[in-house]
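Observations on the three-dimensional arrangement
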Amino acid sequence: MTQPDQNVSPPVPLAATTPIPAHWRQMARDKGFRLTRRGADRYQIMLACDRCGREHRSKRNVLMDHTPLCPHCVEDRWRKDAATAGLEWLRRDPDHHRHGFYRAGCGHTIRRQFGRVRKIARGEHALRCETCQRQREEAEACAAGWKLIGPAVDRGPNYRLYRHSCGHEQELARTNMQSERICCGRCGVGWATAPSFLYCMRFGLPNAQRMVKLGYSNNPRSRLHHQLMCSPEIGGAILRTVAVSTGRKAQSLEKRMHGALKRAHPEATIPPERYREHLRVKSEIYTADLEPVILEMLSALATNHTDQD
């Protein structure tokens, strides 16, 4: 068998040796490119961008009928938009030409439309990492004794499917899970028979005025952060809580304590107009000098186990 001559060069494609018409070159110049050579076949040409100087392969009919886009300049723009939006450009999505993959500041990889990233860079949209969002929602559910399963099936986008510690699955509004204002459809009980707490809270309003509140709730932390304060700028703190067997018992004790405070310290009640813009409550707010009195009442209640009477 005759061996091929190793010194013989492969045949040069006929298209590569065919002269390039002058009007092709002129058309490329008019559109911001320099036609450097032909491509691998008669349909392909190589264009060098006037802006970046880099070369790319293009179809001849794209040059003739349209204005070519330099893929290098386009990718440079994607990288710039990503950096402005606080992201790191990774790569294009091979299955969707309008999407790319990015690394967010949290370290997670996200997939977004190029146009959406450009809007984020201009401040027209907020950036949200789906992985971090999922972790936040899982933590919210765990704190309330539930487990996040996933999106709600029968409710809107503001609802999620959760599983309670008893095993019951239920669709709940995420805002209610955040504030822990939820009740299990299987084992939950109403406020009147559920365990509750008497509490004393301190507030510091923007005008530097301090005041205290005596009240009851089955979840004082949720009551403070999600129901009472109108904005996070208000300084609020739970000073003391005392467990009570039922909500109805807590309500009775609270009324008795408010009656005693108002009889002994009628001047300590603050008019609602002084805190209406800052607190979502209409009464039973006292001046700060009543704080030790309320704390002493709660201590006495805890010591004497009044809630068990």
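Going by the structure above, here's the rest.
Residues numbered from 1 in each chain as written. Predicted model: local features only at pLDDT ≥ 70, side-chain atom pairs only at ≥ 80, totals over all residues. Heavy atoms only, no water.

Some points on unusual backbone geometry
For glutamate 180, which is not glycine, the phi dihedral falls at a positive 60°. Checked against the element boundaries, glutamate 180 lands in the loop between α7 (174-179) and β10 (196-204). Overall, the relative accessible area of 18% leaves glutamate 180 in the buried class. Phi at glutamate 284 takes a positive value of approximately 60°, unusual for a residue other than glycine. Looking at where glutamate 284 falls in the secondary structure, it is placed in the loop between α9 (247-264) and β13 (285-287). (Helix = DSSP H or I, 4+ residues; strand = E, 2+ residues; numbered from the N terminus. Buried < 20%, exposed > 50% of the residue type's maximum accessible area, 1.4 Å probe, protein only.)

Examining the pattern of salt bridges
Summed over all chains, the structure comprises 16 salt bridges. A salt bridge links glutamate 88 to arginine 103; its shortest N-O distance comes to 2.9 Å. Taken together, the positions of glutamate 88 in strand β4 (residues 88-92) and arginine 103 in strand β5 (residues 99-103) put the pair 15 residues apart, joining distant regions of the chain. With relative accessibility at 40%, the residue glutamate 88 sits in the partly exposed group. The residue arginine 174 makes a salt bridge to glutamate 140 at a minimum N-O spacing of 2.7 Å. Pair noted here: arginine 174 is in helix α7 and glutamate 140 is in helix α6 (residues 130-143), with a separation of 34 residues, a long-range link. Each member of the pair arginine 174 and glutamate 140 is classed as buried. One network of salt bridges, in which partners are shared, links Glu137, Glu140, Arg160 and Arg174. (Salt bridge = Lys/Arg side-chain N within 4 Å of Asp/Glu carboxyl O.)

Section: the sheet that holds β5
Strand order in the open sheet formed by 3 strands is β4-β5-β6, and the pairing between neighbours is antiparallel. Taken across any chain shown, the strands that pair with only one partner, and hence form the sheet edges, are β4 and β6 (109-113). Averaged over all pairs of adjacent strands, the angle between strand axes in this sheet comes to 35°, irrespective of strand direction. Note that β4 and β5 share 4 bridges and pair antiparallel. Residue pairing for β5: arginine 92 is matched across the bridge by glycine 100. On the sheet, helix α4 (residues 71-84) packs against β4 and β5 and is oriented at approximately 140° with respect to β4. Here helix α5 (residues 114-121) sits on the sheet in contact with β4, β5 and β6, set at roughly 100° to β6. (Pairing = 2+ DSSP bridges. Axes fitted to C-alpha atoms, helices over the stretch in contact; angles between N-to-C directions. Contact = heavy atoms within 4.5 Å.)

Regarding the sheet that holds strand β12 (residues 235-244)
Read across the sheet, 4 strands follow the order β12-β10-β11-β13 without closing on themselves; strand pairing throughout is antiparallel. A strand with exactly one partner marks an edge of an open sheet, and here the two such strands are β12 and β13. Neighbour-to-neighbour, the strand axes of this sheet turn through a mean angle of 25°, independent of strand direction. Both β10 and β12 contribute to a ladder of 9 bridges, which runs antiparallel. Each residue of the ladder has a partner; that of tyrosine 199, found in β12, is threonine 241.

Here we look at the packing of α4 against α5
Packing of α4 against α5 brings their axes to within 8 Å, and their N-to-C directions diverge by 45°. Our classification of the angle between α4 and α5 gives oblique. The crossing of α4 and α5 is left-handed. Along the contact surface, α4 presents Arg77, Trp78, Asp81, Ala82 and Thr84, while α5 presents Phe114, Val117, Arg118 and Ala121. In terms of residue class, the contact of α4 with α5 is made up of 5 nonpolar, 1 polar and 3 charged. (Parallel < 35°, antiparallel > 145°, perpendicular 65-115°, else oblique. Left-handed = near helix turned anticlockwise from the far one by under 90°. Nonpolar A, V, L, I, M, F, W, Y, C, P; charged D, E, K, R; others polar.)

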